[in-house]
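Remarks on the overall topology
Single-letter residue listing:
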Amino acid sequence: MTTVDSLVSDYLDRLGQVAGTLPPDRRAELLEGISDHIDAARAAGAADDEAAVRTVLDRLGTPEEIVAAAREDAVPTLVARRRGTGLELAAVLMLTVGSLLPVVGWLVGVGLLWASPRWRVLEKIVGTLVVPLGPGVVFYAGAILPLAVISEVCTGYPDGTVDCVSSGPPGWIYPVVLAVLLVAPVVVAVWLFRLAARRARQEPPDLVPAYAPTRPSP
Amino acid sequence: MEPGGARNPLPQLRRGVLEYCVLSLLGDEELYGFDLVRRLSDVDGMVISEGTIYPLLSRLRREGWVTTTWAESGSGPPRRYYAVTPEGRRALHEFAAQWRRFRDAVDQLMPRSTS
């Protein structure tokens, strides 16, 4: 082993030690890169000339400098990202307007409602049970139910009189009940969305890498 | 170490633009590490420690801006060659446009002579 060889192997040993704090694959890649660099420099003329090889090593920088750079590059730049309230908005929209698509729309809304981490279980239960199947079903029922329920039974007598007996509760109660059943889910939806929006603002942002690695490390 | 200490903004500036200089060099041809590093450091003031380019290349590869291939060299063992990817090229062109604006803006504000 020449003086120059031991110069190089000392340098690489020291680099290997200092790089011990890097993830193993980064360390191996770094050592390989630097070692190839030195070989290439020697092949390009530095060869066994001690002064020339020392210059090559000086230009590379100290192992500490190189590993410090590697450490900075090993930690991806993190950016703060907040999840929007799109999920929650979709949930409350499907629970209300979406329920006009009978059953399916409301079920999708319930799914989204329970998928969001921004509501507590109790709130989810309220959102689900306020009007099962949603205001859409009330809307359709409003058109059909009064006809079905409010009925009059009339009996004609031979003397020409007609005696009508209407069954069911008084007629005014239906519009009121329907209005309540239509409005209640909307009120609950607005309440739920405002809760979620407030919690979204209070959440700490997620720190995610500024770039997504697009290719796996070999 | 460079003069100027903590107030010297050049290391930070250099760090910010170095990767685009690497991409730009790779834009014309595939290069192996040693060649790339030497071309960078042939430009006065661009590189202080040549060894720090390797971690940068490793990051660019992980980001998908650079790919590497092994190829036989005329003499000696095979070498790892670096090439810029389409994404890397896109990033380079975006940066180049921003850089021209930024450079012109700074030039407008700096004193004309260095005396």
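The coordinates are above.
Now for a description of the structure that goes with this document. (Residues numbered from 1 in each chain as written. Chains lettered and ligands numbered in written order. Predicted model: local features only at pLDDT ≥ 70, side-chain atom pairs only at ≥ 80, totals over all residues.)

This part covers the overall build of chain A. Within chain A, the regular secondary structure consists of nine helices and four strands. Relative to its 218 residues, chain A shows a buried fraction of 23%. (Helix = DSSP H or I, 4+ residues; strand = E, 2+ residues; numbered from the N terminus. Buried ≥ 20, exposed ≤ 12 C-beta atoms within 10 Å, placed from the backbone.)

Here we come to the nonpolar core. Grouped together as the largest cluster of nonpolar side chains are 35 residues, with contacts concentrated most on Ile-34 and Ile-66 of chain A together with Leu-23, Leu-57 and Val-66 of chain B. Looking at this core element by element, the count peaks at five residues for helix H2 (residues 24-46) of chain A. Among all residues touching Leu-57 of chain B, those that are not within four sequence positions of it are Val-22, Gly-33, Val-66 and Tyr-82 of chain B. (Core = buried A, V, L, I, M, F, W, Y, C linked by C-beta atoms within 7 Å. Contact = placed C-beta atoms within 7 Å.)

Moving on, we get to the packing of helix H1 (residues 10-28) of chain B against helix H2 (residues 33-42) of chain B. Residues and elements named next belong to chain B. Interaxial distance between H1 and H2 falls to 11 Å at its minimum, and their mutual angle equals 115°. Between H1 and H2 lies a crossing of right-handed hand. Taking contact as the criterion, the partners of Cys-21, Val-22 and Leu-25 in H1 are, on H2, Leu-36, Arg-39 and Leu-40. Here the contact of H1 with H2 is built from residues that sort into five nonpolar, no polar and one charged. (Axes fitted to C-alpha atoms, helices over the stretch in contact; angles between N-to-C directions. Left-handed = near helix turned anticlockwise from the far one by under 90°. Nonpolar A, V, L, I, M, F, W, Y, C, P; charged D, E, K, R; others polar.)

The pairing of strands in a sheet comes from backbone hydrogen bonds and takes either a parallel or an antiparallel form. All names here are of chain B. In space, the three strands of this open sheet follow the order S1-S3-S2, with antiparallel pairing throughout. At either end of the open sheet lies a strand with only one pairing partner, and these are strand S1 (31-32) and strand S2 (66-71). Pairing geometry for S1 and strand S3 (residues 79-84), over two bridges, is antiparallel. Among the inter-strand pairings, Tyr-32 is bridged to a residue of S3, identified as Tyr-81. Sheet contacts for H1: S1, S2 and S3; angle to S3, the most-contacted strand, approximately 100°. (Pairing = 2+ DSSP bridges.)

For the rest of this paragraph, the subject is the interface of chain A and chain B. Taken together, the contact between chain A and chain B spans 24 residues of the former and 20 residues of the latter. Of all the secondary-structure elements, those providing two or more residues to the side of chain A that touches chain B are H2, helix H3 (50-60) and helix H4 (63-74) of chain A. Counting residues per element, the side of chain A that touches chain B draws most heavily on H2 of chain A, at 11 residues. Class assignment for the residues of the side of chain A that touches chain B results in 11 nonpolar, five polar and eight charged.

Attention now moves to the pairing of S3 of chain B. Sheet faces and side chains relate simply in a regular strand, where the side chains alternate between the two faces. Pairing of S2 of chain B with S3 of chain B, which is carried by six bridges, proceeds in the antiparallel orientation. Across the sheet, Ala-71 of chain B pairs through a bridge with Arg-79 of chain B, a residue of S3 of chain B.

With that settled, consider H3 of chain A. Residues and elements named next belong to chain A. The set of residues buried in H3 consists of Val-53, Val-56, Leu-57 and Leu-60. Down the axis of H3, the buried side of the element spans an arc of 95°, and every buried residue falls inside it. Away from its buried face by more than 90 degrees, H3 exposes Ala-51 and Asp-58. A positive backbone phi angle near 100° is found at Gly-61, which sits one or two residues after H3. (Arc of directions from axis to C-beta.)

Of the residues making up H2 of chain B, those classed as buried are Gly-33, Phe-34, Leu-36 and Val-37 of chain B. Projected onto a plane normal to the axis of H2 of chain B, the buried residues spread over an arc of 165° and lie on a single side.

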